[in-house]
Amino acid sequence: MSVIEVKDIKKKYGEVVAVSGVSFSVEKGEVFGLLGPNGAGKTTTVEMLEGITKIDEGEAFIEGIKVSQNNHTLQNIIGVSLQSNNFFDDLSLAEILSLFASFFNIKINPKEYLEEVTLVEKSKTKFKEISGGQKQRFTIALALVNNPKVLFLDEPTTGLDPQSRRHLWDIVEGLKEKGKTIILTTHFMDEAERLADRVAVMDSGKILKMGTPTELIQDLIKTGFKKKIVADERANLEDVFIDLTGKNLRD
Amino acid sequence: MIKRIYSFTIASLKMTFRNRFALMMSFFFPIALILAFGFFNNSSAPKLNIDILGSKNTSTIQNNIVTELKKSGNVNIKKISTLSYGKNKIKNNSIDLLMYITPSASSFSRIFTKCNVGKACPQLVGIKSIPNYKISFYVNKFSTNLTYAELFISGFKYNALKSVVSVNHISLPFTYSQTFLTSGKEENSYIDFLIPGVLALALMQGIIFAVINIIVNYKELGVLRRLAVTPLTKSDFIASLTITRLIFGLIQIAILIVIAAVFLNVIPVGGVFGFANLTVVIILGALMFVTLALIISTISNKTATVFPIANLITLPMLFLSGIFFPVKNLPSWLRSIVNLLPLTYLANALRGIYDHGYSLLTIHNDLIGMAVWIIIFFLLNILFFKWE
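Computed from a predicted structure; not experimentally measured.

**A closer look at the overall build of chain A**
Point 1. The number of helices and strands found in chain A is nine helices and ten strands.
Point 2. Taking 2.2 N^0.38 as the reference for a compact globule, 251 residues should give roughly 18 Å; the C-alpha atoms of chain A span a radius of gyration of 19 Å, in line with that estimate.
Point 3. Here the C-alpha coordinates of chain A stretch approximately 55 × 50 × 35 Å along the principal axes.
Point 4. The long-range fraction of contacts in chain A, counting pairs at least 24 apart against all pairs at least 6 apart in sequence, stands at 67%.
Point 5. In the form shown here, chain A has an accessible surface area of approximately 12000 Å², with 51% of it arising from carbon and sulfur atoms.
Point 6. Computed over 33 positive and 38 negative side-chain charges, the separation of the two mean positions in chain A equals 1 Å.

Structure follows, in C-alpha cells:
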C-alpha cells in the first residue's frame with residue numbers, strides 16, 4: 001500500500017486556479033520530487049497535504065488517514081519544513097526544538113536533532129543569530145522532532161550556496177536511508193536528479209509528466225531531442241566552483 | 001492542552017524578557033509621562049477659589065481685601081453672604097478657602113510725628129483707636145490646591161503685617177484663626193489623579209502593541225503557518241498569549257507602582273486589600289485589551305496597516321479617558337460617550353482603589369463595564385479571528 005495517496009485534488013483562490021486536479025502516490029521510503037517553475041502549484045499541493053490549506057475538491061490519504069485541516073492524528077506522523085523558515089527570534093535553537101517537542105507531548109534531547117544537521121555547536125545560539133543556510137538546516141531538524149514517517153521539504157535549498165546545498169543533500173539522503181518517505185519540491189533539476197526516486201513535473205496547477213528521472217530523460221530522447229553541447233559533459237561550472245572552494249560549510 | 005499552553009507561555013515570557021528594546025519601551029513611556037506631568041504640574045501655581053464674607057461693619061475692610069487680592073491675579077475671589085453657604089461650598093469641593101471677617105476689640109495706636117532734622121524724634125502726638133478684625137480661614141483640606149491655600153494664608157498674614165509696619169502702626173489690625181474643613185469626597189492632588197491613569201494607559205499600550213506585533217509578525221514571517229501543522233491549537237496559542245500578557249502586565253504595573261511610591265511618594269491606599277483589588281482590576285483590564293488587540297490584528301495582515309489602526313483606536317482613549325484630566329471637564333455630550341470607553345472604566349477602577357481605597361463592590365460599575373467589553377471583544381474574535 002502507498003504511504004501517500006493523492007486523488008484529483010483541486011484548489012482555487014477566488015478566480016485563480018492554483019491546483020487543478022493532481023493525483024499521485026508515493027511508496028514507503030521513496031523520495032518523491034515535485035518539480036516546476038515558480039507558481040506551478042507545488043507549494044499549494046504540499047500545503048494541502050500538510051493540512052495547512054483546505055482541499056477544495058478531491059481527497060488525499062497519508063498512511064491511510066484522510067487529510068484534513070488541523071488533523072492531530074496526521075500532525076503526529078508528518079514532519080514539515082515550509083518555504084518560509086522563520087521561528088522565534090529570541091529563543092535558542094535548543095529551546096525551539098524542546099518547545100515544538102512539547103507541542104507533541106514528547107521530551108527530546110535537542111542536541112541529538114541538531115547533531116543530525118551539524119548545528120550542535122549552535123544549540124545555545126538564538127535563532128535570529130544564525131545564517132540563512134543554518135536556518136534551512138534547522139527547519140529540517142525541527143521537522144524531525146515528532147519522529148515523523150513522512151517528511152515534506154518545500155524548496156529546502158533555495159537561496160543556499162553550493163556548499164550548503166550539497167550538505168543539505170547529504171542530510172536528505174541520510175533521512176532516506178533511515179526509511180523516511182519524503183516529498184521534496186524544488187526547481188533545481190540537479191537536485192531532483194540526485195535525490196528523487198521519482199519526480200512529477202508540474203505547471204499551471206497540473207502534473208505534466210511523472211516517472212523516474214531516467215525514464216523522463218529517456219522519453220525525451222526518444223522524441224528525437226538533441227542537447228546543444230556547450231561544455232564538456234564530464235564536468236560543469238559548479239564542479240569547478242566546488243573544486244576551487246571546497247566542500248566545507250561556510251557558516 | 002494544559003501542557004502545551006504551559007510550555008508556550010514559558011517560551012513567550014522568555015521571549016518577552018529577552019526583547020530588550022520592547023522591554024525598555026514598556027517602562028520608558030509611562031515613567032516619562034509620570035515624571036513629566038508630575039513635575040510640570042508642580043511648577044505652575046493654580047488659581048485659588050476663595051469666598052469671602054464678613055459680619056456687620058466689616059464691609060470696608062472686606063472691600064479693601066477683595067481689591068488687593070484681585071490685583072494679585074492669583075485668586076478667584078467672590079463675596080458671599082452666609083457662613084453656612086460658604087462651608088457647604090467647601091463640602092462640595094467647589095472652593096479652596098473661605099475667609100470670614102468679624103470685628104474684634106479695638107486697639108489703640110499711638111501716633112508719632114514724622115522725623116524732621118533737629119527735633120527730638122519721634123514725638124508722640126496722640127492716640128488713635130483702631131478697629132481690629134479677626135479673620136477666620138476655613139481651608140478645604142481635600143482640595144487639590146491645599147498647599148497653595150496654606151501658602152496663601154501665610155502670605156496674607158505676612159503682607160498684612162508689612163503694610164501695618166510701614167504706616168507705623170504698632171498693634172496689628174488682624175487676629176487669625178484657621179480651621180480645616182473636609183469635603184464629602186476626597187479629591188487628591190494632580191499626581192494622585194495622574195498615576196492610576198498612567199498605569200491604565202501603560203497596561204493598554206503595552207498589551208495592544210505587544211499582541212498585534214506578535215500576531216502580525218508571526219503571520220508575516222509564516223510562524224503561525226508552521227504552528228498550524230503542530231498540535232498547538234488556536235485556543236492554546238491565544239490562551240498562552242493572554243497568560244503571558246497578563247503576567248507581564250502585572251509585573252509592569254507592580255514596577256510602576258514602586259517607582260511612583262519611591263520617586264513621587266504616591267502610595268495606593270487600602271493596604272493588602274487594596275493590592276488584591278488592584279490585581280483583580282488589572283487582570284480584567286488585561287483580558288479586555290488582549291481581546292481588543294486580537295480583533296485589531298484581524299483587520300489586516302500587514303504591520304504597516306495594523307499599527308496605524310491600533311493608534312487610531314488607542315489615541316482617542318489616551319486623550320479622553322480621564323488619564324490626564326478628569327472626564328468631568330469634558331462637554332456633556334462627549335462625556336457620555338467617553339464614560340463607555342474601555343480605558344475609562346479601567347482608569348476609574350484603578351483610581352477608585354488607588355486614591356480612595358474603594359472596595360470592588362463600590363467600583364462594580366467599572367468592573368461590569370470591563371466585563372461587557374471583554375464579552376463583546378471575545379464574541380467578535382470567535383467570528384473573525386484567523387490563523388492567516
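From this point, the discussion proceeds with the structure in view.
**Quick notes on the side chain of T157(A)**
Point 1. Mapped onto the fold, T157(A) is located in the loop between β7 (150-154) and α6 (162-177).
Point 2. Overall, T157(A) belongs to the buried group, its relative accessible area being 1%.

**Brief notes about the sheet that holds strand β1 (residues 4-13) of chain A**
Residue and element names in this part refer to chain A.
Point 1. Reading across the sheet, the four strands line up as β2-β1-β4-β5 and stay open at both edges, with antiparallel pairing between neighbours. Each edge of the open sheet carries a strand with a single partner, namely β2 (16-26) and β5 (65-66).
Point 2. Set on the sheet, helix α1 (residues 42-50) makes contact with β1, β2 and β4 (57-62); between it and β1 the angle comes to about 115°.

**Here's the deal with the packing of helix α9 (residues 271-299) of chain B against helix α10 (residues 303-320) of chain B**
Residue and element names in this part refer to chain B.
Point 1. α10 packs onto α9 with a crossing angle of 140° between their chain directions and a minimal axis gap of 8 Å. When the interaxial angle is binned, α9 and α10 end up oblique. For the crossing formed where α9 meets α10, the hand is right-handed. In this structure, α9 contributes L292, I296, S297 and I299 to the contact, and α10 contributes V306, I309, A310, I313 and M317.

**Brief notes about helix α8 (residues 234-264) of chain B**
Point 1. End to end, α8(B) covers 43 Å across 31 residues, agreeing with the expected 45 Å (1.5 Å per residue, within 8%).
Point 2. A positive phi of about 60° marks N265(B), the residue just after α8(B).

**Some words on the environment of F152(A)**
All names here are of chain A.
Point 1. Structurally, F152 can be placed in strand β7.
Point 2. Linking F152 and E47, residues 105 residues apart in sequence, is a C-alpha distance of 9.0 Å.
Point 3. The residues touching F152, leaving out its near neighbours within four places in the chain, are V46, L49, E50, I62, I78, G79, V80, S81 and I183.

**Let's talk about a nonpolar patch on the surface**
Residue and element names in this part refer to chain B.
Point 1. On the surface, a cluster of nonpolar side chains totalling about 540 Å² of accessible area is made up of I368, V372, I376, L380, L383 and F384.
Point 2. Of note, F384 is situated in helix α13 (residues 364-384).
Point 3. Accessibility expressed as a relative area gives 48% for F384, which makes it partly exposed.

**Focus on empty space enclosed by the protein**
Point 1. Applying the stated criterion across every chain, the model contains two cavities of 30 Å³ or more.
Point 2. Taken as a whole, the largest cavity spans an internal volume of roughly 40 Å³.
Point 3. I78(A), G79(A), V80(A), F104(A), L142(A), A143(A), V145(A), N146(A), R226(B) and V229(B) are the residues that line the largest cavity.
Point 4. For the lining of the largest cavity, the element with the most residues is strand β6 (residues 78-81) of chain A, which contributes three residues.
Point 5. In this structure, the second largest cavity occupies an estimated 30 Å³ of space.
Point 6. Along the walls of the second largest cavity sit E50(A), G51(A), S68(A), N70(A), N71(A), L74(A), Q75(A), A228(B) and V229(B), which together make up its complete lining.
Point 7. Taken together, the residues of the lining of the second largest cavity break down into three nonpolar, five polar and one charged.

**As for the sheet that holds strand β9 (residues 198-203) of chain A**
Consider a sheet: its strands pair through backbone hydrogen bonds, and that pairing is either parallel or antiparallel.
All names here are of chain A.
Point 1. An order of β6-β7-β8-β3-β9-β10 is seen for the six strands of this open sheet, with the pairing classed as mixed. The sheet is open, and its two edges are formed by β6 and β10 (206-211), each paired on a single side. For this sheet the average axis-to-axis angle between neighbouring strands, irrespective of direction, equals 15°.
Point 2. Direction of pairing for β6 relative to β7: parallel, over a ladder of four bridges. Within β7, the position partnered with I78 by the bridge is V150.
Point 3. Those strands touched by α6 are β3 (31-35), β7 and β8 (181-186), and its axis lies near 155° from that of β8.
Point 4. The strands touched by helix α8 (residues 213-222) within the sheet are β9 and β10, with β10 carrying the most contacts at an inclination of about 100°.

**Remarks on the interface of chain A and chain B**
Point 1. Taken together, the contact between chain A and chain B spans 26 residues of the former and 23 residues of the latter.
Point 2. Summed over both sides, the interface of chain A with chain B buries roughly 2400 Å², with 61% coming from carbon and sulfur.
Point 3. At the surface where chain A touches chain B, the tally comes to three salt bridges.
Point 4. In this structure, E95(A) and K14(B) form a salt bridge, with 3.3 Å as the shortest nitrogen-oxygen distance.
Point 5. One can count ten residue pairs in polar contact (both at pLDDT 80 or more) joining chain A with chain B.
Point 6. Looking at the side of chain A that touches chain B, the elements that each hand over two or more residues are α1, α2 (72-77), α3 (93-103) and α5 (132-143) of chain A.
Point 7. Element by element, the count of residues in the side of chain A that touches chain B is highest for α3(A), at five residues.
Point 8. Among the residues making up the side of chain A that touches chain B, the classes are represented as twelve nonpolar, nine polar and five charged.

Conventions used here
Residues numbered from 1 in each chain as written. Chains lettered and ligands numbered in written order. Predicted model: local features only at pLDDT ≥ 70, side-chain atom pairs only at ≥ 80, totals over all residues. Heavy atoms only, no water. Helix = DSSP H or I, 4+ residues; strand = E, 2+ residues; numbered from the N terminus. Rg over C-alpha atoms; globule rule 2.2 N^0.38 Å. Contact = heavy atoms within 4.5 Å. Areas by Shrake-Rupley, 256 points an atom, 1.4 Å probe, with all protein chains shown as cover. Lys, Arg positive; Asp, Glu negative; His and termini not counted. Charge placed at Lys NZ, Arg CZ, Asp CG, Glu CD. Buried < 20%, exposed > 50% of the residue type's maximum accessible area, 1.4 Å probe, protein only. Pairing = 2+ DSSP bridges. Axes fitted to C-alpha atoms, helices over the stretch in contact; angles between N-to-C directions. Parallel < 35°, antiparallel > 145°, perpendicular 65-115°, else oblique. Left-handed = near helix turned anticlockwise from the far one by under 90°. Expected span 1.5 Å × (residues − 1). Patch = residues over 30% accessible without salt bridge, like charges linked within 9 Å, V, L, I, M, F, W, Y side chains within 5 Å. Salt bridge = Lys/Arg side-chain N within 4 Å of Asp/Glu carboxyl O. 1 Å grid on protein atoms, 1.4 Å probe; cavity = no way out; pocket = protein on both sides within 12 Å on 5 of 7 lines; lining within 4 Å. Points joined across faces, edges and corners; volume = space filled by probe spheres on them. Nonpolar A, V, L, I, M, F, W, Y, C, P; charged D, E, K, R; others polar. Buried area = accessible area lost by both parts, 1.4 Å probe. Polar contact = N/O pair within 3.5 Å; in protein donor to acceptor, adjacent residues only side chain to side chain.

Shape descriptors only; they carry no functional weight alone.
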